[in-house]
Amino acid sequence: MISGVLAVALAATMTIPPTQPAEAATADYQVPVTYGQTEARKMIDMINGFRTGSDAWYWNQDNATKTTCANLGKLTYDYALEQAAMLRAAEIAVSFSHTRPNGGSCFDALSSLPLYAMGENIAAGQTTAASAFTSWREDNYGYAGQGHRRNMLNSGFTAVGIGHVTFNGVHYWVQNFGSPNTGAPATAVADGARTVPVAIDDAMISQKALKPAKASLTVTAGKSVALPLVNLSLTVRDRWPSSPLTLRASSPVWTSSNSSVAAISGNTVVGKKAGTATLTVKANGLQTRVKVTVKAVKPPATRLASVKGAKKSLKVKWKKQTKNVTGYEIWCSTSKKFTKKTTVKKAVKKAKTTSLTVKKLKAKKTYYVKIRTYHKIDGKKYCSKWSSVKKAKTK
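Conventions and cut-offs
- Residues numbered from 1 in each chain as written.
- Predicted model: local features only at pLDDT ≥ 70, side-chain atom pairs only at ≥ 80, totals over all residues.
- Heavy atoms only, no water.
- Helix = DSSP H or I, 4+ residues; strand = E, 2+ residues; numbered from the N terminus.
- Rg over C-alpha atoms; globule rule 2.2 N^0.38 Å.
- Buried < 20%, exposed > 50% of the residue type's maximum accessible area, 1.4 Å probe, protein only.
- Contact = heavy atoms within 4.5 Å.
- Areas by Shrake-Rupley, 256 points an atom, 1.4 Å probe, with all protein chains shown as cover.
- Lys, Arg positive; Asp, Glu negative; His and termini not counted.
- Charge placed at Lys NZ, Arg CZ, Asp CG, Glu CD.
- Salt bridge = Lys/Arg side-chain N within 4 Å of Asp/Glu carboxyl O.
- Axes fitted to C-alpha atoms, helices over the stretch in contact; angles between N-to-C directions.
- Parallel < 35°, antiparallel > 145°, perpendicular 65-115°, else oblique.
- Left-handed = near helix turned anticlockwise from the far one by under 90°.
- Nonpolar A, V, L, I, M, F, W, Y, C, P; charged D, E, K, R; others polar.
- Expected span 1.5 Å × (residues − 1).
- Pairing = 2+ DSSP bridges.
- Patch = residues over 30% accessible without salt bridge, like charges linked within 9 Å, V, L, I, M, F, W, Y side chains within 5 Å.
- pLDDT = per-residue confidence, 0-100.
- Core = buried A, V, L, I, M, F, W, Y, C linked by side-chain atoms within 4.5 Å.

**What about the overall build of the protein chain?**
Turning to step 1, where the next piece is worked out: Secondary structure summary: the protein chain contains 5 helices and 27 strands in total.
Turning to step 2, where the next piece is worked out: Rg of the C-alpha trace for the protein chain: 37 Å, well past the compact-globule value of 21 Å for 395 residues, more than 25% over.
Turning to step 3, where the next piece is worked out: With the C-alpha coordinates aligned to their principal axes, the bounding extent of the protein chain is approximately 120 × 40 × 40 Å.
Turning to step 4, where the next piece is worked out: Looking at the protein chain as a whole, 46% of its 395 residues qualify as buried.
Turning to step 5, where the next piece is worked out: Excluding contacts between residues fewer than 6 apart, the proportion of contacts in the protein chain whose partners are at least 24 apart in sequence is 71%.
Turning to step 6, where the next piece is worked out: Element-wise, carbon and sulfur atoms account for 49% of the exposed surface of the protein chain, whose accessible area totals about 19,700 Å².
Turning to step 7, where the next piece is worked out: Within the protein chain, the 19 negative side-chain charges are centred at a point lying 47 Å from the centre of the 58 positive side-chain charges.

**Here's the deal with the pattern of salt bridges**
Any two side chains of opposite charge can pair, on the condition that their charged atoms come close.
Turning to step 1, where the next piece is worked out: All told, the structure shown has 12 salt bridges when counted by the stated rule.
Turning to step 2, where the next piece is worked out: The shortest N-O distance in the salt bridge between Glu-39 and Lys-42 comes to 2.9 Å.
Turning to step 3, where the next piece is worked out: Of the residues examined, Lys-42 reaches a relative accessible area of 45% and is grouped as partly exposed.
Turning to step 4, where the next piece is worked out: We note a salt bridge from Arg-137 to Asp-139, for which the minimum N-O separation is 3.2 Å.
Turning to step 5, where the next piece is worked out: Arg-137 sits in the buried class, given a relative accessible area of 15%.

**What about the packing of helix H2 (residues 43-52) against helix H4 (residues 129-137)?**
Turning to step 1, where the next piece is worked out: At their nearest, the axes of H2 and H4 sit 9 Å apart, and the two run at 30° to each other. The angle between the axes of H2 and H4 places the two elements in the roughly parallel class. Once H2 is placed against H4, the crossing between them reads as right-handed. Of the residues in H4, those in contact with Met-43, Met-46, Ile-47 and Phe-50 of H2 are Ala-129, Ala-130, Ala-132, Phe-133, Trp-136 and Arg-137.
Turning to step 2, where the next piece is worked out: Taken together, the residues of the contact of H2 with H4 break down into 9 nonpolar, no polar and 1 charged.

**Section: helix H3 (residues 79-94)**
Turning to step 1, where the next piece is worked out: Helix length check: H3, at 16 residues, gives a terminal C-alpha distance of 23 Å against a target of 22 Å (1.5 Å per residue), a fit within 8%.
Turning to step 2, where the next piece is worked out: Among the 16 residues that make up H3, 13 are buried, leaving the element largely enclosed by the rest of the structure.

**Concerning the sheet that holds strand S10 (residues 205-212)**
Turning to step 1, where the next piece is worked out: Strand order in this open sheet of 3 strands is S10-S13-S14, and the pairing throughout is antiparallel. Two strands close off the open sheet at either side, each with one partner strand: S10 and strand S14 (245-248). For this sheet, the mean angle separating the axes of adjacent strands, direction not counted, is 25°.
Turning to step 2, where the next piece is worked out: By the bridge criterion, 7 bridges tie S10 to strand S13 (residues 230-236) in an arrangement that is antiparallel. Its bridge partner being in S13, Leu-210 is matched across the sheet by Leu-232.

**Side note on unusual backbone geometry**
Turning to step 1, where the next piece is worked out: The residue after Ser-179, namely Pro-180, is reached through a cis peptide bond having omega 0°.
Turning to step 2, where the next piece is worked out: Residues Trp-240 and Pro-241 are joined by a peptide bond in cis, for which omega reads -5°.
Turning to step 3, where the next piece is worked out: With respect to the helices, strands and loops of the structure, Pro-241 is situated in the loop between S13 and S14.
Turning to step 4, where the next piece is worked out: A positive phi is found at Asn-63, a non-glycine position, where the angle reads about 55°.
Turning to step 5, where the next piece is worked out: One can find Asn-63 in the loop between strand S3 (57-59) and strand S4 (66-68).
Turning to step 6, where the next piece is worked out: The exposure class of Asn-63 is partly exposed, given its relative accessible area of 42%.
Turning to step 7, where the next piece is worked out: Despite not being glycine, Asp-378 has its phi angle at roughly 50°, a positive value.
Turning to step 8, where the next piece is worked out: Look at Asp-378 and you get exposed, because its relative accessible area is 59%.

**A few points about a positive patch on the surface**
Turning to step 1, where the next piece is worked out: A contiguous patch of positive charge, built from Lys-308, Lys-315, Lys-317 and Lys-395, is present on the exposed surface.
Turning to step 2, where the next piece is worked out: Assignment of secondary structure puts Lys-315 in strand S21 (residues 313-318).

**Here's the deal with the confidence of the model for the protein chain**
Turning to step 1, where the next piece is worked out: Residue-level pLDDT values for the protein chain average 93, and 94% of them are 70 or greater.
Turning to step 2, where the next piece is worked out: Low pLDDT, under 50, characterises residues 8-22; the predicted model gives this stretch 37 contacts beyond four residues in sequence or across chains.

**Quick look at the nonpolar core**
Turning to step 1, where the next piece is worked out: Counting residues in each nonpolar core, the largest one holds 51 residues, and the members touching the most others are Val-33, Phe-167, Tyr-172, Ile-200, Leu-234, Leu-245 and Leu-279.
Turning to step 2, where the next piece is worked out: Per element, the largest residue contribution to this core is 7 residues, and it comes from H3.
Turning to step 3, where the next piece is worked out: In contact with Leu-279, other than residues within four places in its own chain, are Leu-217, Leu-227, Trp-254, Thr-255, Ser-256, Ile-264, Val-269, Thr-288, Arg-289, Val-290 and Val-292.
Turning to step 4, where the next piece is worked out: Residues Ile-47, Ala-123, Ala-129 and Phe-157 belong to the second largest nonpolar core, which totals 24 residues.

This is the structure in C-alpha cells:
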C-alpha cells in the first residue's frame, strides 16, 4: 500500500500569526475530488480513546524515558476545523506538504478562526480512517518520528476536525487541531464528488502543458466529430505520488488554421472538404495544436438496372441510393473508352430519381452506358466509382 505522513507539532499555548504567502502570481485550479466525511468522522472516537487510554504516552528526546499523558480531556469535534481540514485534504492532493499550494503556511487555512493554538497532521495512501489513525500513532518510532502522536496527545488542544478526500484513487487525510473550540454548528456529512478551487502559486509549478486527449483527428467531409477533451498537466512541488497533476483545462478556446477545410462549431470540428488543417487550443494561458485530416466523402456506388434503346434515345434505369448522395452522373458513348467526342454526359440532381431518357442520340447506334453517384458539400463534388457498363442500340 502506498502511504506517506508528515507532521507539525506546536506548543499548545503558542499564538500563531497567519503566514502570508509570498508575492507571486497565483491562480485557482479546479481540483475534482471525492469527499469522504463519513469515514473521516469515525476517527474522533479513535483519537479520544487514545487520549484517555493506557497508550497515551510518547518518547522524550532522549528516547530512553517516556512522558505519560494523564488526565487528557476528550477533543470536541469542531465543524469549522473540519471545513478547513477538507480544504487542506484537497490541497495536499496537489502538494503533499504543510506549505499550502499558494505558498502560505498550513495555518493560513485556520487564520479566520478564533484559535490561539493550532496543529496539523497529514497523511496519504491509507484507505480507511483506522489505517490513517494507526499510521499517526507511530507506536514504533522514537521521539523524532512521533510528531503526529504528540499532536494527538497534546493537552493544549481541545478540538479537532478531520478531512478526507480521494483524488485519482489515492486517499488524503488531514487532522486540524485547535483551541479553543469554535462552537461552529454541526453540518451534515458530505460524501461524493466535489470540485474544489485550489490556489496554486506559480513558484510551486515547474512545468505546465496542455494535453489534448487526442493528438490528431480524422473527419469525413460533411460530418463532424467532437473536439477532444483537454487536460492541464502541472508539475507541482511536493506532489505525492510524484507524478504531474492532471486537471481539466479551463474553458478551452479552439481555432482552425483553415476553416474552409475544417471549421469549429461549438464543441465539434466540421469537415468541409478533403485536406488537412491545424487546430489550436488555448486555455490557462497555454496553447497547443491538434492536426485534423478531412477525408473525402465516398458516396455509395450504384448499378444499372436496365438500358433500353428507343428512337434516337436510351431509357436508363438504376438502383436508388440516397445516403450521402446528391445525384447521379450518366455517360453514354459510342466508344467503349468513353472518349470525349463520343460521349454524352447527363446529370441527375435528385438522389431519389431512378430513371432517365437520354435523348438526341444517333439513330441505330450501339451505345455503352455507365453511372456513378456524386455528393456535394460546400461546392465540393465527391464521386463514387463507376458502375459496370451496359450497352444498347438506339432505333
